Amino acid sequence: MSMQEINASLQQLLELHQSLYAISISKTDVLKDGDTDELQQLLKKEKKHVQAVNQIEKRRLEQVSAWVTSNQLDIEEPNVTALLEVVEDTTEKQQLEEVTTKLAEVLVKLKQQEQLNHELTHQSLQFVQLSMNMIAPTIQSFNYDNQNKSNSDNETKRSVFDSKA
């Protein structure tokens, strides 16, 4: 397993996360506009991207493990940080650092954007709940009579329409 394959996987992850970030920004605009159909389309795209990220991440982990094994290194947890410590070729190390740094930056921006989307979604749900509470009457509003009267007074009064046949 070569370092170029690991770098290629990291580059693919970077591109997918950048695309996820663009989708997340679009989701923010759609949430602000309240367009649920467009939101569903974006969520489908996002789901496909996440599945692709999971596949590439799994492949990257296998590549890193294979590289560690092929170089007969004793690394407890084979990850990119551990690789950076043991890679001797300066160009490979620089490429690995560069891609990893960019990926980390995109992940931070994506996390912040998704937090904003979460807050917008929460506010939208609160607005919907408030609207539903205003529209749907409560149990007490069904009773139009005076609540201070006793039930016996209500039973003795008869309506004009309550007649015996």
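Residues numbered from 1 in each chain as written. Predicted model: local features only at pLDDT ≥ 70, side-chain atom pairs only at ≥ 80, totals over all residues. Heavy atoms only, no water.

Engineer: Can you help me understand the layout of surface pockets in this one?
Structural biologist: Vacant regions in the atomic arrangement are exposed by a probe of water-molecule size rolled over the atoms. The volume enclosed by the largest pocket comes to roughly 160 Å³. Taken together, Val 30, Leu 31, Gly 34, Asp 35, Thr 36, Leu 39, Thr 121, Ser 124 and Leu 125 make up the lining of the largest pocket. Taken together, the elements giving at least two residues each to the lining of the largest pocket come down to α1 (3-33), α2 (36-70) and α4 (90-135). Top contributing element to the lining of the largest pocket by residue count: α4, with 3 residues. When the residues that make up the lining of the largest pocket are grouped by side-chain class, the tally is 4 nonpolar, 4 polar and 1 charged. (1 Å grid on protein atoms, 1.4 Å probe; cavity = no way out; pocket = protein on both sides within 12 Å on 5 of 7 lines; lining within 4 Å. Points joined across faces, edges and corners; volume = space filled by probe spheres on them. Helix = DSSP H or I, 4+ residues; strand = E, 2+ residues; numbered from the N terminus. Nonpolar A, V, L, I, M, F, W, Y, C, P; charged D, E, K, R; others polar.)

Engineer: It is not clear to me how the nonpolar core should be interpreted in this structure. Could you clarify?
Structural biologist: In a soluble, globular protein the nonpolar side chains are often hidden away together inside. By size, the foremost hydrophobic cluster in this structure holds 23 residues, and its most contacted members are Met 3, Ile 6, Leu 10, Trp 67, Leu 83 and Leu 96. Counting residues per element, the ones that place at least two in this core are α1, α2, α3 (80-86) and α4. Examining the composition of this core, we find that 7 residues originate from one element, α1, more than from any other. Once residues within four sequence positions are removed from consideration, Ile 6 is found in contact with Gln 63, Val 64, Trp 67, Leu 83 and Leu 96. Membership of the second largest hydrophobic core comes to 6 residues, among which are Ile 23, Leu 31, Leu 42 and Leu 120. (Core = buried A, V, L, I, M, F, W, Y, C linked by side-chain atoms within 4.5 Å. Buried < 20%, exposed > 50% of the residue type's maximum accessible area, 1.4 Å probe, protein only. Contact = heavy atoms within 4.5 Å.)

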